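# Structure assessment
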Amino acid sequence: MDALSSFVASLKSGGPVMYLLALLSYVLYWQVIAILLYVMKIRLHEFVGRDNLPSAKATGRSGLVTSPLELLLVRYEEVQMQFREFMKNRLRFAGVLLVAAPLLGLLGTVLGMLEMFNGLSQRAGHQTTLLVAEGVKKSLITTQTGLTIAIPALFFVYWIRRVANRRELELLDHKVAATEDSRFEDND
């Protein structure tokens, strides 16, 4: 319970920008963790499936007769392109949120500095010192929070990209194996 009251006190001392940072943090980490779990779980080669390919020769996109091997290769490329497009769109949204966190922290810094200068302009003795200190505190808390949100998320996004690249390499391995299997079947 003490941690919760400390969290609420930090939100209040940072001003309204802290509420926006808390919301942004929730959405950002929900998005990043969902993408990471998806990428770690998915096996792209399972989407290719030979059962949905015709066994006899069929007409391809160009109107030419295409072999089942060529259709299989096209299917591998389609799965890869769909995966890349999906990842690009999801990571683009996560990237926007990631960039917004330190910028919101900077906005809080500016608002805190304005509050500090307002306190300096009042020349109210001891009250001036309190207003300046409160403005500096607000500036530092929002900046720290924005960076604290963004830096770990940056590492998560990098990790997601590495795992996504690994999934594409696995798909490529299966594509090569399927090509070799099909060529051996054709030679028999």
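Only a predicted model underlies this, so the values are computations on that prediction, with no experimental measurement involved.

### Side note on the overall build of the protein chain
The helix and strand tally for the protein chain stands at four helices and two strands. Element order for the protein chain, N to C, with α for helix and β for strand: α-α-β-β-α-α. Across the 188 residues in the protein chain, those meeting the buried criterion constitute 35%. Here the contacts in the protein chain between residues at least 6 apart in sequence split such that 77% fall between residues at least 24 apart. Within the structure as shown, the protein chain displays about 12100 Å² of accessible surface, and the carbon and sulfur contribution to it stands at 64%.

### A few points about helix 2 (residues 16–41)
An ideal rise of 1.5 Å per residue puts 38 Å on 26 residues; helix 2 measures up with 38 Å between its terminal C-alpha atoms. All of the buried residues along helix 2 are Val17, Met18, Leu21, Leu24, Ser25, Leu28, Tyr29, Gln31, Val32, Ile35, Leu36 and Val39.

### Some details on the packing of aromatic side chains
With the rule as written, the count across this model stands at three aromatic pairs. With a centroid separation of 6.1 Å and 25 degrees between ring planes, the pair formed by phenylalanine 156 and tryptophan 159 is classed as stacked. Of this pair, phenylalanine 156 and tryptophan 159 both sit in helix 4 (residues 126–187), three residues apart, roughly one helical turn. Look at phenylalanine 156 and you get partly exposed, because its relative accessible area is 24%. Connected via pairs of aromatic rings, a cluster forms that spans Tyr29, Phe156 and Trp159.

### Some remarks on the nonpolar core
As a rule of thumb, nonpolar side chains are buried together in soluble globular proteins. By size, the foremost hydrophobic cluster in this structure holds 35 residues, and its most contacted members are Leu28, Val39, Met87, Ile149 and Ile160. The residues touching isoleucine 160, leaving out its near neighbours within four places in the chain, are Val32, Ile35, Leu36, Val39, Met87 and Leu91.

### Let's talk about empty space enclosed by the protein
Empty space among the atoms becomes apparent when a probe as large as a water molecule is rolled across them. With the rule as written, the count across this model stands at one cavity of 30 Å³ or more. Within this model, the largest cavity holds a volume of roughly 40 Å³. Considering the residues around the largest cavity, the lining is formed by Tyr76, Gln80, Glu168, Leu171, Leu172 and Lys175. Where the lining of the largest cavity is concerned, the elements lending two or more residues are helix 3 (68–122) and helix 4. No other element matches helix 4, which puts four residues into the lining of the largest cavity.

### Examining the confidence of the model for the protein chain
Put simply, the protein chain has an average pLDDT of 83, and 85% of its residues get 70 or more. Across the protein chain, the element-wise mean pLDDT spans from 48 in strand 1 (residues 58–59) up to 94 in helix 2. Contacts of residues 53–59 to residues separated by more than four positions or lying in other chains number 15 contacts, the stretch itself having pLDDT below 50.

Cut-offs and rules
Residues numbered from 1 in each chain as written. Predicted model: local features only at pLDDT ≥ 70, side-chain atom pairs only at ≥ 80, totals over all residues. Heavy atoms only, no water. Helix = DSSP H or I, 4+ residues; strand = E, 2+ residues; numbered from the N terminus. Buried < 20%, exposed > 50% of the residue type's maximum accessible area, 1.4 Å probe, protein only. Contact = heavy atoms within 4.5 Å. Areas by Shrake-Rupley, 256 points an atom, 1.4 Å probe, with all protein chains shown as cover. Expected span 1.5 Å × (residues − 1). Phe/Tyr/Trp six-rings, centres within 6.5 Å; stacked < 30°, edge-to-face > 60°. Core = buried A, V, L, I, M, F, W, Y, C linked by side-chain atoms within 4.5 Å. 1 Å grid on protein atoms, 1.4 Å probe; cavity = no way out; pocket = protein on both sides within 12 Å on 5 of 7 lines; lining within 4 Å. Points joined across faces, edges and corners; volume = space filled by probe spheres on them. pLDDT = per-residue confidence, 0-100.

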